[in-house]
Amino acid sequence: MPWSQVTHTFQARSKGCYLVTNDVLKAIESEVRKYKIGMCNLFLQHTSASLCLNENVCREVREDLTMALDHIAPESLPYKHTDEGPDDACGHVKCAVMGVS
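A quick note: this is a predicted structure, and the numbers were derived from the prediction, not measured.

(A) Structural context of the pattern of salt bridges. All told, the structure shown has 7 salt bridges when counted by the stated rule. Here Arg33 makes a salt bridge to Glu29, at a shortest N to O gap of 2.8 Å. Exposure remark for Glu29: the relative accessible area of 39% places this residue in the partly exposed category. Members of the salt-bridge network, linked through shared partners, are Lys15, Asp70, Glu75 and Lys94.

(B) View of the packing of aromatic side chains. Taken as a whole, this structure holds 0 aromatic pairs when the rule is applied. The residue whose ring lies beneath Arg13 is Tyr18, and the NZ or CZ to ring-centre distance is 5.0 Å.

(C) Just helix α2 (residues 59-72), in detail. Here α2 is 14 residues long and its end C-alpha atoms lie 20 Å apart, about the 20 Å a rise of 1.5 Å per residue gives. All buried positions along α2 are accounted for by Arg62, Thr66 and Leu69. In an axial view of α2, the angular spread of the buried residues amounts to 70 degrees, which keeps them on one side of the axis. Those residues of α2 that are exposed and angled more than 90 degrees off the buried face are Met67 and His71. Looking at the buried side of α2, the elements it contacts are α3 (88-98).

(D) Representation of the state of the cysteines. Per the counting criterion, the structure on display carries 0 disulfides. With no disulfide of its own, Cys52 lies closest to Cys17 among cysteine sulfurs, the gap being 6.5 Å. Cys95 carries a free sulfur, and the closest cysteine sulfur to it, the one in Cys52, is 11 Å from it.

(E) Seen up close, the packing of α2 against α3. For the pair α2 and α3, interaxial distance at closest approach is 10 Å and the crossing angle is 115 degrees. By the criterion of interaxial angle, the relationship of α2 to α3 is roughly perpendicular. Handedness of the crossing formed by α2 with α3: right-handed. Note on element contacts: α3 touches α2 through Lys94, Val97 and Met98, opposite Leu65, Leu69, Asp70 and Ile72. Its residues assigned to classes, the contact of α2 with α3 shows 5 nonpolar, no polar and 2 charged.

(F) Summary view of α3. All of the buried residues along α3 are Asp88, Ala89, Cys90, Gly91, Lys94 and Cys95. Just downstream of α3, Gly99 is the residue with a positive phi angle, here 90 degrees.

(G) Looking closely at the environment of Glu31. In this fold, Glu31 is placed in helix α1 (residues 21-32). Placed 25 residues apart in sequence, Glu31 and Val6 show a C-alpha to C-alpha distance of 8.1 Å. Setting aside anything within four residues of it in sequence, one finds Glu31 in contact with Ser4 and Val6.

The rules we used
Residues numbered from 1 in each chain as written. Predicted model: local features only at pLDDT ≥ 70, side-chain atom pairs only at ≥ 80, totals over all residues. Heavy atoms only, no water. Salt bridge = Lys/Arg side-chain N within 4 Å of Asp/Glu carboxyl O. Buried < 20%, exposed > 50% of the residue type's maximum accessible area, 1.4 Å probe, protein only. Phe/Tyr/Trp six-rings, centres within 6.5 Å; stacked < 30°, edge-to-face > 60°. Lys NZ or Arg CZ within 6 Å of the ring centre and 35° of its normal. Helix = DSSP H or I, 4+ residues; strand = E, 2+ residues; numbered from the N terminus. Expected span 1.5 Å × (residues − 1). Arc of directions from axis to C-beta. Contact = heavy atoms within 4.5 Å. Disulfide = S-S within 2.5 Å. Axes fitted to C-alpha atoms, helices over the stretch in contact; angles between N-to-C directions. Parallel < 35°, antiparallel > 145°, perpendicular 65-115°, else oblique. Left-handed = near helix turned anticlockwise from the far one by under 90°. Nonpolar A, V, L, I, M, F, W, Y, C, P; charged D, E, K, R; others polar.

Below you can see the structure in the form of structure tokens.
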């Protein structure tokens, strides 16, 4: 059974929830054309980023999700792990809640 693998690097962004569908489609477009049916597995190689499927009809959904995650893991807590800045540890907490891939 044939398969393909593509590595893609997302542009750095500030914290928040983003639509990445078009970025992913653009990255895999040439490979996808080779197949009539298949499966796409997305894997993040970053420890404080997550992928989740959600509604994308209105921007408020992403804003609400960001607000809720900031409430669950606010930057203001006295985190010990701050090697990459004040949002480092809370990013790991949010990732643990959401899951990586």
